[in-house]
Number of protein chains: 2
Amino acid sequence: MTAGTHGPRLTPGPSVTISDVAEAAGVSRQTVSNVLNAPDRVRAETRERVNRAVSDLGYQPNRAARSLKSSSPRMVGCRILPVHAGTVASIQDRFLHALAEAGQACDHHVLLFTATDADEETERCTALWRAGAVSAVVLYDVTPHDPRPRQLVAAGVPFAAFGRTATCVDGYSWADVDNTAGTASAVDHLVAAGHRRIGFLGWPEGSSVGDARAHGWLAAMDRHGLLAQSHRLDVRGDDTMSSGTRLMAELLDRPEPPTAVVAATDTLGVGALHAVRHHGLRPGEDFAVVGFDDTPAATAVGLSSIRQPIEEVGRLIMAELLRLVGRNADKDVDGAADSLHRLLVPELVVRASSAPLRRAPGG
Amino acid sequence: MTAGTHGPRLTPGPSVTISDVAEAAGVSRQTVSNVLNAPDRVRAETRERVNRAVSDLGYQPNRAARSLKSSSPRMVGCRILPVHAGTVASIQDRFLHALAEAGQACDHHVLLFTATDADEETERCTALWRAGAVSAVVLYDVTPHDPRPRQLVAAGVPFAAFGRTATCVDGYSWADVDNTAGTASAVDHLVAAGHRRIGFLGWPEGSSVGDARAHGWLAAMDRHGLLAQSHRLDVRGDDTMSSGTRLMAELLDRPEPPTAVVAATDTLGVGALHAVRHHGLRPGEDFAVVGFDDTPAATAVGLSSIRQPIEEVGRLIMAELLRLVGRNADKDVDGAADSLHRLLVPELVVRASSAPLRRAPGG
DNA sequence: CGGATCGATTTTATCGTTCAAGCCTGGGCT
DNA sequence: AGCCCAGGCTTGAACGATAAAATCGATCCG
């Protein structure tokens, strides 16, 4: 026994080693190791005896020792952003959960860290990787001019990103959600429900995600030949509920108001719903609203929303990281796949706020 | 050099070992170790030479090796809950961030894992601890009849809890937020602003947190001698915005409506605000609303809210874990403190929705 | 002047696991 | 009989860091 005491231990403690198991089963360390890692090398009878000892003692292989020997910590690092007062509906928690779950399926865990800015984040990533604390890291919310991918590539840290930079084609793996396709599908849905004048509530131009969502609306409206009828029905403001309410009220006061809007976020969408009700309209019957991100708030108020397939993103990113570090371990160049570039299509979740119109508007 | 190549390495790689540094500085491994862990044992000149080699090579001590030797992984485990569709405003992300930040201050990290239920959670905690992957774990959202603390105590896993069980006095460390004091302080605030008829919007009886928040309102109203005037002004419903709107509208339609309400959550509070506006009242001028949890939504709509000191909880829990595992390492009984039992008082954040009345109601 | 002392550094041993090589036994082949 | 081989298991070494012990000079003191 490693710990000096004799007799059965009531609380097995963190220190049941492979030698303890070996002694209990009357075999050597290596045989125990073989039972766990290459069972076919061990005679069935011995295997059974060892397995019993393992479960009797509650043996868990020490991860530090295993990491040290295999030089793979079976961990991926990910920064957790502070909950910013301005940010209303974050999907970071969903992402982290998805990542943790995907990792768990292949005995990997997520290590959290914090940072005050992008530079500190890449520094910490590099330090964690050099320290062998993680075999790779994940970048969350990568934007078009994000410096982080470049920095990590330069540092040689294996990583995959949720989101992508403008010049993302080269050098690193990413998965992203097609925001443009999301708002476009919302427009298609509303057109199919009979709407012709469809507005858009968005963020001020300049944010990548916001612009992509605005572009999806614009392109889809154009495709349906509805841009002329919806002249200047896209309005922009901050990502707050009151902003959504104000923008929506502004649209409803126009001479030819829209009969539906696509909002760039659930926050704006929820705000819009209030303005709609305030104008005496019934959401889902007289007027339709679609939000974005499918946050719990959308569920709560029955707001149709575009749901990002975060769980899928988590799985893809985790699988890609395993491939990256695995490939490095095998050979440096085994040809085949280079890196992951995957654009996922979000899915519209239809709720009461955009149920098909009972009467066609104006009909 | 560990890796077989010669010459300066462009990407230092994860495998710069203490021996590489020692060779570069022309000293032995142990001297490098001393420079890093006990600098006073090394002559200033040597120390400087070693430090230069450390930064030249970008050396980071290998965490697995350090864990193995010190038998302390410098990690704490915490389950991340799935984002439940029903849960509207979670503070789990704030908690995880606080925990990660508090840990980082003392070179500890947070390891995330998922579980489908409480039993699986304790199993995973035990396995992680036995594997030496974490030195302790954190329980989030512990409720009065939670089985987890008992199970972890039985398994001998060091832990600290956010929240507490009904019979929490024994055996384990926790930090919790005094929900009762929170709603009570909201009542005090509203009374000081001149309100006399103050309502309460809460969850159906049976949830610990909900009951505590309801009790805070009740006790404070009684203390101010206002219960008679506020006869049956506490109403209950689901934790959704629409529920908040409905309940608020119900109260406003009473013959003697309240002039203010305390809501058990921001979700209910935001819902209530809409009902208030719908009745032609101006929040903060004609009517006051206070929410709970200070979620980003409250900031967005200017809702006064009771903020849980999560950052403080994170710091306390992390400090307690360090004490627990440190004590274990030193001696088993070094007397002094037993375990942490800390009830923190939340803080009211006053915003426009409950700014002091300009004219006393009814005056 | 010899032994003690002290500071600075090196050597040794160890944490728990796994890879590589070694050893033993019994059976099949010549 | 002697030889080889393969299956089944054990021993030795290594991963990287560090506490403890050993070494080596140099200084000090009786």
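Please read these numbers as outputs of a predicted model, since none were measured by experiment.

Participant: Explain the overall build of chain A here, please?
Facilitator: For chain A, the helix and strand inventory stands at 13 helices and 12 strands. A buried classification covers 51% of the 363 residues belonging to chain A. Put simply, 67% of the contacts in chain A that link residues at least 6 apart link residues at least 24 apart. By element, 52% of the accessible surface of chain A is carried by carbon and sulfur atoms, the whole surface being about 16,100 Å².

Participant: Sorry if this is basic, but what is going on with the sheet that holds strand β12 (residues 347-349) of chain B here?
Facilitator: Strand pairing in a sheet relies on backbone hydrogen bonds. The paired strands run either parallel or antiparallel. Residue and element names in this part refer to chain B. In spatial order, the strands read β7-β6-β8-β9-β10-β12; together these 6 strands make up an open sheet with mixed pairing. Each edge of the open sheet carries a strand with a single partner, namely β7 (234-236) and β12. Here the average twist between neighbouring strands, direction ignored, is 20°. Of the pairings in the sheet, the one linking strand β6 (residues 198-202) to β7 comprises 3 bridges and is parallel in character.

Participant: Got a minute to help me understand the protein's contact with DNA strand D in this structure?
Facilitator: With respect to spatial proximity, 23 residues lie near DNA strand D, and among them S28, T31 and T46 of chain A together with I18 and Y59 of chain B are the closest. Considering DNA strand D, the proportion of its atoms within 4 Å of the protein that are sugar or phosphate atoms stands at 56%. Here a phosphate oxygen of DNA strand D sits 2.7 Å away from a polar atom, N or O, in the main chain of S28 of chain A. Of all the elements in the fold, those that place two or more residues in the surface near DNA strand D are α2 (29-37) and α4 (63-70) of chain A together with α2 (29-37) and α4 (63-70) of chain B. Ranked by the residues each element gives to the surface near DNA strand D, the list is headed by α4 of chain B, at 4 residues. Its residues placed into classes, the surface near DNA strand D shows 8 nonpolar, 10 polar and 5 charged.

Participant: Can you help me understand helix α3 (residues 44-57) of chain B in this one?
Facilitator: A turn of α-helix holds 3.6 residues, and therefore any two residues three or four places apart point the same way. All names here are of chain B. In this model, α3 (14 residues) spans 20 Å end to end at C-alpha, consistent with the 20 Å of a helix rising 1.5 Å per residue. Residues of α3 that are buried include every one of T46, V50, A53 and V54, and no others. Along the axis of α3, the buried positions cluster into a sector of 105°, meaning they face one direction only. Exposed and oriented more than 90 degrees from the buried face of α3 are S55 and D56. Each element contacted by the buried residues of α3 is listed here: α1 (18-25) and α2. Backbone geometry just downstream of α3 places G58 in the positive-phi region, at approximately 65°.

Participant: What exactly am I supposed to notice about unusual backbone geometry here?
Facilitator: With glycine set apart, most residues show a phi of negative sign, and most peptide bonds adopt trans. We note that D141 of chain A has phi near 60°; this positive angle belongs to a residue other than glycine. Within the secondary structure, D141 of chain A is located in strand β3 (residues 136-142). Within the chain, D293 of chain B stands out as a residue other than glycine whose phi angle is a positive 110°. For D293 of chain B, the position within the fold is in the loop between β9 (288-292) and α12 (296-301).

Participant: I'm lost on the protein's contact with DNA strand C in this one. Help?
Facilitator: As a matter of local geometry, DNA strand C sits amid 25 residues, with I18, Q30 and Y59 of chain A together with T31 and T46 of chain B nearest to it. When the atoms of DNA strand C within 4 Å of the protein are grouped by moiety, sugar and phosphate amount to 58% of the total. With respect to DNA strand C, the side chain of Q30 of chain A contributes an N or O atom lying 2.4 Å from a base nitrogen. Mapped onto the surface near DNA strand C, the elements with two or more residues apiece are α2 and α4 of chain A together with α2 and α4 of chain B. A per-element tally of the surface near DNA strand C places α2 of chain A first, with 4 residues.

Participant: Would you mind showing me how to read the relation of the copies chain B and chain A here?
Facilitator: Superposition of the two copies of the chain requires a rotation about an axis and a shift along the axis. Of the transformation placing chain B onto chain A, the axial shift is 0.1 Å and the rotation is 180°, giving an RMSD of 0.2 Å. The superposition of one copy onto the other is thereby described by a two-fold rotation axis. Most of the interface of chain B is mirrored in chain A, where 100% of its interface residues again form contacts.

Cut-offs and rules
- Residues numbered from 1 in each chain as written.
- Chains lettered and ligands numbered in written order.
- Predicted model: local features only at pLDDT ≥ 70, side-chain atom pairs only at ≥ 80, totals over all residues.
- Heavy atoms only, no water.
- Helix = DSSP H or I, 4+ residues; strand = E, 2+ residues; numbered from the N terminus.
- Buried < 20%, exposed > 50% of the residue type's maximum accessible area, 1.4 Å probe, protein only.
- Contact = heavy atoms within 4.5 Å.
- Areas by Shrake-Rupley, 256 points an atom, 1.4 Å probe, with all protein chains shown as cover.
- Pairing = 2+ DSSP bridges.
- Axes fitted to C-alpha atoms, helices over the stretch in contact; angles between N-to-C directions.
- Near = heavy atom within 4 Å.
- Polar contact = N/O pair within 3.5 Å; in protein donor to acceptor, adjacent residues only side chain to side chain.
- Nonpolar A, V, L, I, M, F, W, Y, C, P; charged D, E, K, R; others polar.
- Expected span 1.5 Å × (residues − 1).
- Arc of directions from axis to C-beta.
- Least-squares fit on C-alpha atoms with pLDDT ≥ 70 in both.

Purely geometric stuff here, so don't read any function into it on its own.
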